[in-house]
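Each chain, letter by letter, is given below.
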Amino acid sequence: MAEKRDYYEILGVSKTATKEELKKAYRKLAIQYHPDRQQGKSDEEKKAAEEKFKEAAEAYDVLSDDTKRQRYDQFGHAGVGGAGNGGFSDVNDIFSHFGDIFGDFFGGGSFGGGFGGFGGSRGQAVRKGSNLRVRVKLDLSEIVNGVEKKIKIRKKVTCPDCGGSGAASSNDVKTCPDCKGTGYVIRMVNGIFGRMQQQSACPHCNGEGKIITNKCSKCKGEGVVDAEETVTVKIPAGVAEGMQLNVQGKGNAPRHGGVNGDLLVQILEESHPDFERDGNDLVYDLNISFPDAVLGATVEIPTVESPVKIKIEEGTQSGKILRLRGKGIPDVNGYGRGDLLVNVQVFVPKDVTKEERKLLEKLQESDSFRPKNKSGFFDRMKDFFE
C-alpha cells in the first residue's frame, strides 16, 4: 500500500497555518476536484480527481480539528487512526460533512460545485432531501451588475396532509419492534481480532425507527408530494461560466421529515457581439484606418456601461493593446474589477480606386513609410505596450 502523504503538503499550507488558511486551501482543492468539474474527462481522470477530492477532505478533517491536529503533529498518521479518507464512505459523505464550508461564500447562496449545508453535525441521524440542479443563462450586463432571477422548479415538498410522517394519523405510527426505535441493530461478527460488534441500519424499518401501519392516502406513505415553486436567486456580480450557486434548503424535501436538499444553480454565459471575456478582463477588437494609425485620431468605443472616447496616438502599430482600467468585470469575491483591453488592428483594404492606388504608390517610395525592423524582442514589446 502506498505511503500516505503529509496532510499539510496535501493542502499546500505550512504547519503554522491558521484555521482560515486551512479552510481557504481546502475550499480551493474541493472546487478544483469536485465531481461536477470533471465532466467530459476520461474515467481515469475522473477517478484520479475523486481520490484527490477525498484526500483533501481527509486532510482538512484532521487539521481543522484542534485535538486531531495536535495528535497528528505529535504522532503522524498513526495518531489519528490512519483509516484513510477521514472515515468518509464516499463523495456524498464528504458533501454532508463539509457542505457548510461554502455557506458564508456569498451570504445567502454559495459557490462550491454542489456543496450544501447538512442539517446536523456528523453522527446525527438527520435526513436530507436530494439536491436539484438548474441552469441559468446570463448576459454580460447581468454578470457585471449582478441580478435576481426567479426560477420555477418542480420539487418534492412535505405532504400537507400528514406533515411528512407518511401515516394516515399519529396513531398509525408505531415504534419498530426490532430496533426499539433506534433505527439500527447490532450484531456480532468475527474479525481478525476476534468477535466484534457491528452496527447497521435496521432492515425492518430501513433505519427510521418507526413502522407505518396505515399510510397517508395523499402521499402513499412517502411523506412527500410533487409541487411547483418559484425561487428567487440572488446572483452576485462577477460570476463566470460553470460556477454553481448553492441555495440552501430549496431542494427536495426528504421522506418522513428532515432538512430539505439544496438548489444548485449552474451559471451559463451568453456570448457578446462586442466583447470577449478573459478572466475579469474584457477584450474589444478595434479596427482603425491606416490614416488614423499614422496621424492619430479620437474614436468612440463601447463599454459595458456606456460608450467612451479614446485617443489613438500618432504612429499606433497594429496589435497594440490599450488598457482602460476598471472597465471590465467585478471580481466575484469583491477584490476590485478587471480592465477593458482594446486590441487595436489597422484595417487594410483589399480594393482601392485608381486615384487611391496612385497615392499609395507615391507613399510606397517614401522613406517614412518603409518598415523599420526593431533590433530585438524587448524593443518590439516596448512598442507593443506603449
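If you're wondering where the values come from, they're calculated on a predicted model, not measured in any experiment.

Participant: Can you lay out the confidence of the model for the protein chain for me, pointing to particular residues and giving the numbers?
Facilitator: Of all residues in the protein chain, 81% attain a pLDDT of 70 or more, and the chain-wide mean is 82. Across residues 82-86 the pLDDT falls below 50, and counting only partners more than four positions away or on other chains, this stretch makes ten contacts in the model. Residue range residues 102-125 is modelled with pLDDT below 50. Its contacts to residues more than four positions away, or to other chains, number 74 contacts.

Participant: Can you break down the state of the cysteines residue by residue, with the values?
Facilitator: Counting across every chain of the model gives zero disulfides. The thiol of Cys159 is not disulfide-bonded; the next cysteine sulfur, from Cys162, is found 3.7 Å away. In this structure Cys216 is a free cysteine whose sulfur lies 3.8 Å from that of Cys219, the closest cysteine sulfur available. We classify Cys216 as buried; its relative accessible area is 5%.

Participant: I'd like a description of the side chain of Asp262, backed by residues and values.
Facilitator: Among the structural elements, Asp262 can be located in the loop between β9 (244-247) and β10 (263-269). Among the polar contacts made by the side chain of Asp262, one reaches the main-chain amide nitrogen of Gly249 at a distance of 3.0 Å.

Participant: Describe the sheet that holds strand β15 (residues 321-324), naming the residues involved and giving the relevant values.
Facilitator: Strands pair in a sheet through their backbones, by hydrogen bonds, and they do so in one of two ways: parallel or antiparallel. If you trace the four strands from one edge of the open sheet to the other, you get β11-β12-β16-β15, paired in mixed fashion. Each of the sheet's edge strands pairs with one partner strand only, and the pair in question is β11 (275-278) and β15. Neighbour-to-neighbour, the strand axes of the sheet open up by a mean angle of 30 degrees, direction not taken into account. In the sheet, β11 pairs with strand β12 (residues 281-288) via four bridges, with the strands oriented antiparallel. For Asp278, the partnering residue across the bridge sits in β12 and is Asp281.

Parameters and conventions
- Residues numbered from 1 in each chain as written.
- Predicted model: local features only at pLDDT ≥ 70, side-chain atom pairs only at ≥ 80, totals over all residues.
- Heavy atoms only, no water.
- pLDDT = per-residue confidence, 0-100.
- Contact = heavy atoms within 4.5 Å.
- Disulfide = S-S within 2.5 Å.
- Buried < 20%, exposed > 50% of the residue type's maximum accessible area, 1.4 Å probe, protein only.
- Helix = DSSP H or I, 4+ residues; strand = E, 2+ residues; numbered from the N terminus.
- Polar contact = N/O pair within 3.5 Å; in protein donor to acceptor, adjacent residues only side chain to side chain.
- Pairing = 2+ DSSP bridges.
- Axes fitted to C-alpha atoms, helices over the stretch in contact; angles between N-to-C directions.

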